Amino acid sequence: MILYILAAILIFGVLIAVHEFGHFLTAKLCGVRVNEFSIGMGPQIWGRTVGETEYSLRLLPIGGFCAMEGEDSTSDDERSLTRQGFWKQALIFAAGSIMNFLTGLLIVLILYSGTAAFYTTQVLDFAPEFPAQGDGGLQPGDQLWSINGERVYLYSDVSLLLSLDGDGLVDMEVRRDGEVVDLGQIPLAYGTYSDENGEPYQGLGWTIGVEKATLGAKLRTSWLNTIDFVRIVRLSLQMFFTGEAGMEDLSGPVGIVSAITQVGSESPTLRDAVENILYFAAMIAVNLAVMNLLPIPALDGGKIFFLIVDTLAFRLLRKKIPEKYEMAVNTAGFVVLMGFMAVVTFQDVFKLIR
């Protein structure tokens with residue numbers, strides 16, 4: 001268990017370091033002066049200045065930062081962040097999330113590198129008991145297109161979308177003979193069906209096609225899998241704001257560490273544990289990418305939002321928003337965000353000791 005806890009801490013450290021490296025690399029490429037690039041937080045245990053930038057390693061393995069000239073204070077330096085154009089600033093702010101997304105994509109691609117075949121989204125045949133086959137229902141050769149309005153990109157999407165359905169009836173669209181066909185509501189749920197030998201099995205009652213895992217198939221599946229992580233974040237936020245999910249369904253760093261530990265502990269072999277934890281890490285990486293781009297004060301998305309507002313204000317009113325207002329909003333947002341994280345963390349700890 002200690003091994004998995006250390007693995008979880010390492011994952012957080014690497015993902016945050018990768019995020020900050022995205023800001024650092026893009027800032028350098030855009031000509032912005034970077035005063036310090038640090039891996040870790042807290043007291044400095046090692047530091048070296050190369051050119052204009054101090055590179056440091058700090059005691060706490062979680063976190064890191066890229067201190068750019070003019071980022072948090074007014075600067076007259078021509079190479080300060082705030083003196084760059086709109087697109088350079090926006091790209092620098094977004095670069096951390098882009099790096100996290102690419103990290104998630106790379107992890108998934110590595111995990112799929114040894115795969116021999118993938119399930120497709122094409123239905124080949126049905127069990128005799130399958131209730132939604134024939135005229136007006138699913139037919140052999142149909143390609144699953146959407147379930148309850150959500151596109152089916154990979155076969156794994158089916159289980160995800162069915163988990164969000166409560167009554168076993170789904171709005172189904174399929175691609176048939178080159179056209180998208182709306183089947184309306186059909187019954188679709190996991191149950192007991194008979195295979196070709198008459199033996200019972202648990203499943204959805206259909207046979208799905210398989211394709212060889214060529215390089216193109218691996219790249220396509222890895223990309224779609226990573227995009228699916230983005231959809232999971234979107235669906236989670238949607239459920240939270242519609243009241244389908246509550247605070248008790250959220251997890252902070254403690255809850256994520258606990259989940260990683262559980263994933264590793266419940267894996268049958270060490271290899272399975274490594275693969276499952278890496279897959280979970282890929283999902284966390286994409287989650288961080290998306291959440292950081294939300295227009296929330298103190299996050300990268302909030303900075304991009306203020307950049308857009310400030311640019312529009314200058315073009316329309318010929319004046320910029322006073323920096324003190326932006327600082328006040330960011331400070332308030334940071335306080336609220338930290339308070340929210342404290343509540344979620346307390347909740348996670350309570351779940352562990354309960």
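The rules we used
- Residues numbered from 1 in each chain as written.
- Predicted model: local features only at pLDDT ≥ 70, side-chain atom pairs only at ≥ 80, totals over all residues.
- Heavy atoms only, no water.
- Patch = residues over 30% accessible without salt bridge, like charges linked within 9 Å, V, L, I, M, F, W, Y side chains within 5 Å.
- Areas by Shrake-Rupley, 256 points an atom, 1.4 Å probe, with all protein chains shown as cover.
- Salt bridge = Lys/Arg side-chain N within 4 Å of Asp/Glu carboxyl O.
- Lys, Arg positive; Asp, Glu negative; His and termini not counted.
- Charge placed at Lys NZ, Arg CZ, Asp CG, Glu CD.
- Helix = DSSP H or I, 4+ residues; strand = E, 2+ residues; numbered from the N terminus.
- Buried < 20%, exposed > 50% of the residue type's maximum accessible area, 1.4 Å probe, protein only.
- Axes fitted to C-alpha atoms, helices over the stretch in contact; angles between N-to-C directions.
- Parallel < 35°, antiparallel > 145°, perpendicular 65-115°, else oblique.
- Left-handed = near helix turned anticlockwise from the far one by under 90°.
- Contact = heavy atoms within 4.5 Å.
- pLDDT = per-residue confidence, 0-100.
- Expected span 1.5 Å × (residues − 1).
- Core = buried A, V, L, I, M, F, W, Y, C linked by side-chain atoms within 4.5 Å.
- Bend = angle between axes of the 7 residues up to and from the residue.
- Phe/Tyr/Trp six-rings, centres within 6.5 Å; stacked < 30°, edge-to-face > 60°.
- Pairing = 2+ DSSP bridges.

K.L.:
Tell me what's going on with a negative patch on the surface, and back it up with residues and numbers.
P.N.:
A grouping of D125, D195, E196 and E199 is seen on the molecular surface, where their side chains present a negatively charged patch. When you line up the elements, D195 lands in the loop between strand 8 (191-194) and strand 9 (200-203). Looking at D195, the relative accessible area reads 31%, which means it is partly exposed.

K.L.:
Let's hear about the pattern of salt bridges: which residues, and what values?
P.N.:
Using the criterion set out here, one finds 14 salt bridges in the structure. Residue E36 pairs with R58 through a salt bridge whose shortest N-O separation is 2.7 Å. Taken together, the residues E36 in strand 1 (residues 34-50) and R58 in strand 2 (residues 53-68) connect sequence positions 22 residues apart. When sorted by exposure, E36 lands in the same class as R58, which is buried. The residue R231 makes a salt bridge to D157 at a minimum N-O spacing of 3.2 Å. In this pair, R231 sits in helix 4 (residues 215-242) while D157 sits in helix 3 (residues 156-163), placing the two residues 74 residues apart along the sequence.

K.L.:
Please set out the packing of helix 4 against helix 6 (residues 270-292) residue by residue, giving values where relevant.
P.N.:
The geometry of helix 4 relative to helix 6 is characterised by a closest axis approach of 9 Å and an angle of 60 degrees between their N-to-C directions. The orientation of helix 4 with respect to helix 6, classified from their angle, is oblique. Judged by the twist between their axes, the crossing of helix 4 over helix 6 is right-handed. Facing helix 4, whose interface residues are N225, T226, F229, V230, I232, V233 and L237, helix 6 presents Y279, A282, M283, V286, N287, V290 and M291.

K.L.:
With reference to specific residues and values, describe the confidence of the model for the protein.
P.N.:
Interpretation of the predicted coordinates at a detailed level should be avoided for regions scoring low in pLDDT. Here the protein averages 87 in pLDDT, and 95% of its residues register 70 or above. Put simply, helix 8 (residues 323-353) is where the protein has its lowest mean pLDDT, 74, and helix 2 (residues 86-112) is where it has its highest, 96.

K.L.:
I'd like a rundown of the environment of L215, residues and numbers included.
P.N.:
Assignment of secondary structure puts L215 in helix 4. C-alpha of L215 to C-alpha of S113: the two residues are 102 residues apart in sequence and 8.5 Å apart in space.

K.L.:
Tell me about helix 4, and name the residues and values.
P.N.:
Helix length check: helix 4 (28 residues) gives 40 Å between terminal C-alpha atoms against 40 Å at 1.5 Å per residue, within 8%. In this fold, the buried residues of helix 4 make contact with helix 2, strand 3 (117-126), strand 5 (150-151), helix 3, strand 10 (206-212) and helix 6. Of the residues flanking the end of helix 4, it is G243, one or two places downstream, whose phi is positive at about 90 degrees.

K.L.:
Lay out the nonpolar core in plain terms, naming residues and giving numbers.
P.N.:
The biggest cluster of nonpolar side chains holds 25 residues, and the ones touching the most others in it are I11, I256, I260 and I284. Mapped by element, the contributors of at least two residues to this core are helix 1 (2-29), helix 2, helix 4, helix 5 (253-265) and helix 6. At nine residues, the largest contribution of residues to this core is made by helix 6. Of all hydrophobic cores here, the second largest spans 20 residues; its members include F126, A132, L144 and L161.

K.L.:
Outline helix 2, listing residues and values.
P.N.:
Between its first and last C-alpha atoms helix 2 spans 38 Å; for 27 residues at 1.5 Å apiece the expected length is 39 Å, and the two agree. Maximum bend of helix 2: about 40 degrees, positioned at A95.

K.L.:
Describe in detail the packing of aromatic side chains, supporting the description with residues and values.
P.N.:
This structure, assessed with the given rule, holds 15 aromatic pairs. With a centroid separation of 5.8 Å and 50 degrees between ring planes, the pair formed by Y119 and Y155 is classed as tilted. Residue Y119 is found in strand 3, and its partner Y155 is found in the loop between strand 5 and helix 3; the two are separated by 36 residues along the sequence. Centre to centre, the rings of F126 and F130 are 5.0 Å apart; their planes meet at 20 degrees, and the pair counts as stacked.

K.L.:
Please provide a residue-by-residue account of the environment of A259, values included.
P.N.:
Position of A259 among the secondary structure elements: in helix 5. Distance from A259 to I5, taken between C-alpha atoms, is 9.8 Å for residues 254 residues apart in sequence.

K.L.:
Please give an account of the pairing of strand 8 that cites residues and values.
P.N.:
Where strand 8 lies against strand 9, four bridges are found, and the strand directions are antiparallel. Counted as the bridge partner of G191 is G203 from strand 9. Connecting the antiparallel pair strand 8 and strand 9 is a turn made up of five residues, with G198 showing a positive phi of about 85 degrees.

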